[in-house]
Amino acid sequence: MMHAQRPTWCEIDLSAIRYNLATLGDMVGPKVGVFVCVKGDASGCGDIEVARTAELAGAAGAAFGNLDRAMAARQAGVRLPILLYPTCLPDTAPALEEHNLMPTLSTLEDVAAWSSHARSLKVFLKLDGGGFRAGALPHQAPAVARAIADSGTLELAGAYGHPMASYGPVDPIYTDAQVDSCIDALKRIDAAGIDVPIRMVSSSAIILSHPDADLNAVDPGRLAIGQSFPAAPGRERVWRHALVGLRSHLVMVKSLDDIGDVMPAPFLPRRPGMKIGLVPYGWSDGYPRKIPENATALLRGKRVGLLGPTHSELLRVDLTDVPEAELGDEVVFLGRQGNEEIGLDELAAQWRVGVSDLYGAIGKAVRRHYIR
Ligand SMILES: *Cc1c(COP(=O)(O)O)cnc(C)c1O
């Protein structure tokens, strides 16, 4: 444990990310570049750490959804090429040039505005395959690519699309249609004689479900941190979760066996020999505001129940069944302790969220401890 710090942290296993990137690299082969998407602080795993890990693993680039974070990554020494999803205004062009960051353009208006602020800026064109997010529709894409090529100040580094994947009985048709439309847009740009060096349309779910859509680059986010999706034959692999621990320590233990003559809290179940402990982790750090039924944590290798209500930065645990518990004992919400373990699926079920939402739910004020 470190000194003078809140004794609460989550654990991110960077070796799992390295393993996932190596698995992915083997799967798509050496001719396909990997742009690792670290938007949303890499789902809470830490965008700079994940980008740095990707750089060391030989990734082709990283993709950020927030200019401030991309700048912070540069300041932290991240060197690999960085693509920015639509995230900033054209007057940032000089700063982007200086920091070697590539913005996303979709429309002729974008091209006019960015080119007027730029001197020499590499940009990406986004393709809209029918999801109607950012991007040029296939019939518009050649004109936007042409405008970039002719701008004199902008250089087309690549084009990417982001088909939405879903798994219902009808939706795969829509996903296929979007993938096809993005590839169609690339063909139309090719037919117009404009060079598109980097071409990618595959986020995590598309990589696993559409092996034909690898093109010459892919941009997975969640797969890199171990969140997998339904895989086509030949693309089934084992992925390792990067989020492996959420741990804290008791900052107070007290007995409620003898409460004198106060009126007992009506919401607290009273038990003979009752002992409670305080844990410095609460709803402002992501713990569900309403204590989930059957919520447990591990203490001295045993399961202990949580007592409501949750506080902003504190939780109470019922120590009655672990009378030997004392100040400073480790409390595990996620991970192993002794012979007991709470895994991601169990914690997600306790919190009533999906595993991928659990990653993002852990508060930003919770320190990330990296296992290297
Ligand atoms: C978020 C995003 C990704 C990564 O999505 P995952 O499902 O996490 O792999 C890839 N490309 C674009 C354009 C995105 O916005």
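Residues numbered from 1 in each chain as written. Predicted model: local features only at pLDDT ≥ 70, side-chain atom pairs only at ≥ 80, totals over all residues. Heavy atoms only, no water.

Engineer: When you look at the pairing of strand E13 (residues 275–279) in this model, what are you seeing that I'm missing?
Structural biologist: When a strand is regular, its side chains alternate between the sheet's two faces. The buried fraction of E13 amounts to five of the five residues, a majority that puts the element mostly inside the structure. Relative to E13, strand E12 (residues 252–255) runs antiparallel, the two sharing four bridges. The partner of Lys-254 across the bridge, within E13, is Ile-276. Note: E13 against strand E16 (residues 315–318), four bridges, orientation antiparallel. The partner of Gly-277 across the bridge, within E16, is Val-317. (Buried < 20%, exposed > 50% of the residue type's maximum accessible area, 1.4 Å probe, protein only. Helix = DSSP H or I, 4+ residues; strand = E, 2+ residues; numbered from the N terminus. Pairing = 2+ DSSP bridges.)

Engineer: Sorry if this is basic, but what is going on with the site of the ligand here?
Structural biologist: Residues in close proximity to the ligand include Cys-37, Lys-39, Tyr-85, Tyr-160, His-162, Ser-203, Ser-204, Asp-219, Pro-220, Gly-221 and Arg-222, which together make up its full environment. Within the backbone of Arg-222, a nitrogen or oxygen atom sits 2.9 Å from an oxygen atom of the ligand. In isolation the ligand has 380 Å² of accessible area, and contact with the protein removes 93% of it. (Near = heavy atom within 4 Å. Polar contact = N/O pair within 3.5 Å; in protein donor to acceptor, adjacent residues only side chain to side chain. Areas by Shrake-Rupley, 256 points an atom, 1.4 Å probe, with all protein chains shown as cover.)

Engineer: Would you take a moment to explain the packing of helix H7 (residues 141–150) against helix H8 (residues 171–191) for this structure?
Structural biologist: Between two packed helices, the angle of one axis relative to the other and the distance separating the axes together describe the packing. At a closest axis distance of 8 Å, the pairing of H7 and H8 adopts a crossing angle of 50°. Between H7 and H8, the interaxial angle falls into the category oblique. In this structure, H7 meets H8 at a crossing whose hand is right-handed. For the pair formed by H7 and H8, the contact residues are Ala-141, Pro-142 and Ala-145 on the first element and Ala-185, Arg-188 and Ile-189 on the second. (Axes fitted to C-alpha atoms, helices over the stretch in contact; angles between N-to-C directions. Parallel < 35°, antiparallel > 145°, perpendicular 65-115°, else oblique. Left-handed = near helix turned anticlockwise from the far one by under 90°. Contact = heavy atoms within 4.5 Å.)

Engineer: How should I be thinking about the packing of aromatic side chains in this particular structure?
Structural biologist: For any pair of aromatic rings, the description rests on two quantities: the centre-to-centre distance and the angle between the ring planes. Tallied over the full model, the rule gives seven aromatic pairs. The interplanar angle of 55° and the centroid separation of 6.0 Å between the aromatic rings of Tyr-287 and Phe-333 together place this pair among those described as tilted. Highlighted residues: Tyr-287 in the loop between E13 and strand E14 (296–299) and Phe-333 in strand E17 (residues 330–337), separated in sequence by 46 residues. As far as the burial class goes, Tyr-287 and Phe-333 line up, both buried. Note on Tyr-287: relative accessible area 2%, which makes it buried. Joined through ring pairs, the aromatic side chains of Phe-35, Tyr-85, Phe-124 and Tyr-160 make up one cluster. The ring of Tyr-19 has Arg-240 lying over it, and the distance from NZ or CZ to the ring centre is 5.4 Å. Directly above the ring of Trp-283 sits Arg-289, whose terminal nitrogen or CZ lies 3.8 Å from the centroid. (Phe/Tyr/Trp six-rings, centres within 6.5 Å; stacked < 30°, edge-to-face > 60°. Lys NZ or Arg CZ within 6 Å of the ring centre and 35° of its normal.)

Purely geometric stuff here, so don't read any function into it on its own.
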